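Analysis of the macromolecular model
The residues making up each chain are set out below.
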Amino acid sequence: MLLIDKYAYMNKLASVHPLEKMTFSLGLLLLSLIMRDERISLITFIVMSAFIILGAKIPAKYYAKLLLLPGFFLLSSLASILISIAPSTSTFPPIIWSFSIHHWTIFVGSASLVTAQQLFFIVLGSISCLYFLILTTSVQSICYVLRQWRLPTLFVELVELTYRFIFIFLDSMQKIHFAQQARLGYSSPLQWLRSVSILIAALFVEMFQRSRELNNAMEARGGETVYWQDDIIYNKKNWVGIAAIFILLIIYGGLF
């Protein structure tokens, strides 16, 4: 989480206007979801990965590691779609592979394979769009664009506060965990269970106290929040490039 936030501020595309990056990533995400075409999703993944690795200069190894986490959930979902179980006396759709055990048949149908293949490419393209956004745009810049889009102020402030408390939570957890390790709090399974329960309880109290302190600080300032954003200028070339990519993908999807 800390490394993602670091890259969001220090990547080579950090100086690009956040509205341009959000329009590009969310536009390709919606295009991939609406058209539901495997080739469009694959092209989206390649384009986004190129911008992440070559444009933003995010290390390829780190990007590959980020893909592993949703990849695990994706593969487990695909397995449940591909593999079907039915009684051996049932009428089966077109089957690619089957295996019988007693009175049951485990099989992979042609329709399931097509669905799984389509889902794989769509999810892959969608994940790359979201990773491009979070690796090249800070939360502060995202919230700035959300305010420009006239989203409810309460929603935007909740996003900011939630993101802030993630780092407070991680910092408090590391300090408490380090103190427990120094006292051999994880030396045995029983001690491990006891230390984890104490850690969870201490984190709950810590977060509650921090939230009250933050609320008091905001009320002391009249409940007003000062929003700051660098003066980043729109680039016409970026908008032309974004529009060209969208048009080419739409034409490609319509022709093929």
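On a predicted model such as this, the values are computed, not experimentally measured, just so you know.

The helix and strand inventory of the protein stands at nine helices and three strands. Listing every helix and strand of the protein by position from the N terminus yields α-α-α-α-β-β-β-α-α-α-α-α. Once the C-alpha set of the protein is aligned to its principal axes, its extents read approximately 70 × 60 × 35 Å. When the 256 residues of the protein are sorted by exposure, 32% land in the buried category. Taking the intrachain contacts of the protein between residues at least 6 apart in sequence as the baseline, contacts between residues at least 24 apart amount to 70%. Of the roughly 16,500 Å² that the protein leaves accessible, carbon and sulfur atoms contribute 69%. Of the charged side chains in the protein, 19 are positive and 13 negative; the average position of the first set lies 8 Å away from that of the second.

Below, the discussion takes up the packing of aromatic side chains. What the rule picks out here adds up to eight aromatic pairs. Ring geometry for Tyr234 and Trp239: centres 6.3 Å apart, planes at 45°, overall tilted. Residue classification places Tyr234 among the partly exposed positions, given a relative accessible area of 46%. In textbook terms, an aromatic cluster arises when at least three aromatic residues are bridged by ring pairs, as seen for Phe24, Phe51 and Phe132.

A few words now on the state of the cysteines. One pass over the full model with this rule turns up zero disulfides. Its sulfur unpaired, Cys129 is 20 Å from the next cysteine sulfur, which belongs to Cys143. Judged by its relative accessible area of 1%, Cys129 is buried. Its relative accessible area of 0% is what places Cys143 among the buried residues.

Attention shifts here to the nonpolar core. Residues Leu28, Ile52, Ile58, Tyr62, Tyr63, Tyr131 and Leu135 are the most contacted members of the largest nonpolar core, which totals 27 residues. Of all elements in the fold, only α1 (2-10), α2 (18-35), α3 (38-55), α4 (60-82), α5 (110-136) and α9 (236-255) reach the threshold of two or more residues within this core. Sort the elements by how many residues they give to this core and α5 lands first, with six residues. With sequence-adjacent residues up to four places away left out, Tyr131 is seen in contact with Ile52, Tyr63, Leu66, Leu67 and Pro70. With 11 residues, the next largest nonpolar core counts Leu19, Met22, Val145 and Leu146 among its residues.

A word on the pairing of strand β3 (residues 104-109). Pairing analysis gives five bridges linking strand β1 (residues 83-87) to β3, with the strands arranged antiparallel. Bridging from a neighbouring strand, Ile85 pairs with Ile106 of β3. Across six bridges, strand β2 (residues 95-101) lies against β3 in antiparallel orientation. What sits directly across from Ile101, in β3, is Trp104. In this structure, the hairpin formed by β2 and β3 is closed by a connection of two residues, where His102 is found at a positive phi of approximately 55°.

Attention now moves to the side chain of Lys21. Looking at the element boundaries, Lys21 is found in helix α2. No salt bridge is formed by the buried Lys21. Its closest oppositely charged neighbour is Glu20, at 8.2 Å. Discounting residues that sit within four places of it in the chain, Lys21 has contacts with Leu13, Ala14, Val16, Phe132, Thr136 and Thr137.

For the rest of this paragraph, the subject is the sheet that holds β1. Read from one edge of the open sheet, three strands run β1-β3-β2, paired in antiparallel fashion. The outermost strands of the open sheet, each flanked by one partner alone, are β1 and β2. Strand after strand, the sheet turns through a mean of 25° between neighbouring axes, direction not considered. Those strands touched by α4 are β1 and β3, and its axis lies near 30° from that of β1. Running over the sheet, α5 touches β1, β2 and β3 and is turned about 50° from β3.

Analysis parameters
Residues numbered from 1 in each chain as written. Predicted model: local features only at pLDDT ≥ 70, side-chain atom pairs only at ≥ 80, totals over all residues. Heavy atoms only, no water. Helix = DSSP H or I, 4+ residues; strand = E, 2+ residues; numbered from the N terminus. Buried < 20%, exposed > 50% of the residue type's maximum accessible area, 1.4 Å probe, protein only. Contact = heavy atoms within 4.5 Å. Areas by Shrake-Rupley, 256 points an atom, 1.4 Å probe, with all protein chains shown as cover. Lys, Arg positive; Asp, Glu negative; His and termini not counted. Charge placed at Lys NZ, Arg CZ, Asp CG, Glu CD. Phe/Tyr/Trp six-rings, centres within 6.5 Å; stacked < 30°, edge-to-face > 60°. Disulfide = S-S within 2.5 Å. Core = buried A, V, L, I, M, F, W, Y, C linked by side-chain atoms within 4.5 Å. Pairing = 2+ DSSP bridges. Salt bridge = Lys/Arg side-chain N within 4 Å of Asp/Glu carboxyl O. Axes fitted to C-alpha atoms, helices over the stretch in contact; angles between N-to-C directions.

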